[in-house]
Amino acid sequence: MTAQRPTLAVFKLASCDGCQLTILDCERELLAIAERIEIAYFLEARTRTLEGPYDIGLVEGSITTEHDAERIRQIRSRCKTLITIGACATAGGIQSLRNWADVDEFVRQVYASPQYIQTLATSTPVSDHVPVDFELRGCPIDKKQLLMLIVDLLAGKQPRIPRYSVCIECKLRHTVCVAVARGVACLGPVTQAGCDAICPAYARECFGCHGPKESANPLSLAEHYRERHHDPRPLVHLLSNFNAAAPEFRQTAARLQSAPSGPAQGAN
Ligand code: SF4
Ligand code: SF4
């Protein structure tokens, strides 16, 4: 990083702005950060912009147009450290449901003047297009994880991004397991931690917004639920949302969909 304050740029692609709002939600911490970092480009927060290159680039959103694909290459070339934030940027987001549908039909159904819409048939994560240094998962990202990442980068340390499961965080905060206690199909065992297991802490299942953990095996989890006489089919909906295009989630959702009336087959 430069001798002056390092510069931070925040970019948006196809997304709902929720992860950028999480940055703004840092409020008090944001003021402290602004003393250590020059916020050089963040259109949602300020009109003044500084030319790159930038030390840290945060990218929200997925690639859904040719313009996005060209833009992310330009962004990459201007950022020393590139970090993708949120399920859209890291896995294609909810909009990746188009990847297995007729996107032209969607466009016809949604837009009054579809002839003006230019879009790709797929929504893909940033890492499919350019090298990414770090990923922050979630829909939206977790504020504490974002702050820790920025602090680590400023200290010249390797950011601490866990690859273990949400279940570990349940145990750390002494949350009663909703899968065990209530028989609810929870995606926590196959979902990457980082949110402090907030959903089970409020007695509801994890729906996988942080995407697959390292070596996730959702098909085996579905088999586990079936063996305990739980219906694994609700998992299809949980696996087919914000991280639908993550390969581990997609493959299992397809397998469960192809066996709609019965158990998951062939888990290993
Ligand atoms: S509630 Fe879900 S995330 Fe928490 S321990 Fe149980 S299965 Fe894991
Ligand atoms: S518990 Fe699951 S769904 Fe809830 S915020 Fe964490 S990863 Fe997302």
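Quick note: structure is the one above.
Structure report, in brief. Note that this is a predicted model, so its numbers are computed, not measured. (Residues numbered from 1 in each chain as written. Chains lettered and ligands numbered in written order. Predicted model: local features only at pLDDT ≥ 70, side-chain atom pairs only at ≥ 80, totals over all residues. Heavy atoms only, no water.)

Here we take up the packing of helix H2 (residues 28–36) against helix H6 (residues 143–154). In contact at an axis separation of 12 Å, H2 and H6 are set at 20° when each is read in the N-to-C sense. In terms of their interaxial angle, H2 and H6 are classed as roughly parallel. The two elements H2 and H6 meet at a crossing, and its hand is left-handed. Between H2 and H6, the residues in contact are Glu 29, Ile 33 and Arg 36 and Lys 143, Leu 147, Ile 150 and Leu 154, respectively. Taken together, the residues of the contact of H2 with H6 sort by class into four nonpolar, no polar and three charged. (Axes fitted to C-alpha atoms, helices over the stretch in contact; angles between N-to-C directions. Helix = DSSP H or I, 4+ residues; strand = E, 2+ residues; numbered from the N terminus. Parallel < 35°, antiparallel > 145°, perpendicular 65-115°, else oblique. Left-handed = near helix turned anticlockwise from the far one by under 90°. Contact = heavy atoms within 4.5 Å. Nonpolar A, V, L, I, M, F, W, Y, C, P; charged D, E, K, R; others polar.)

Here we take up the pattern of salt bridges. Enumeration according to the criterion identifies 13 salt bridges in this entry. Across the pair Asp 55 and Lys 80 runs a salt bridge whose closest N-O atoms are separated by 3.0 Å. Taken together, the residues Asp 55 in strand S3 (residues 54–60) and Lys 80 in strand S4 (residues 79–85) connect sequence positions 25 residues apart. Here Lys 157 ties to Asp 152 by a salt bridge, and the two come within 3.9 Å at their closest N and O atoms. A residue is classified by how much of its surface remains accessible, and Asp 152, at 1% relative accessible area, is buried. One salt-bridge network, held together by shared partners, links Arg 5, Glu 38 and Arg 48. (Salt bridge = Lys/Arg side-chain N within 4 Å of Asp/Glu carboxyl O. Buried < 20%, exposed > 50% of the residue type's maximum accessible area, 1.4 Å probe, protein only.)

As for its position among the elements, Glu 105 is in helix H5 (residues 103–110). Along the sequence, Glu 105 and Thr 65 sit 40 residues apart, while their C-alpha atoms lie 17 Å from each other. Polar side-chain contacts of Glu 105 include one of 2.9 Å to the side chain of Arg 108. (Polar contact = N/O pair within 3.5 Å; in protein donor to acceptor, adjacent residues only side chain to side chain.)

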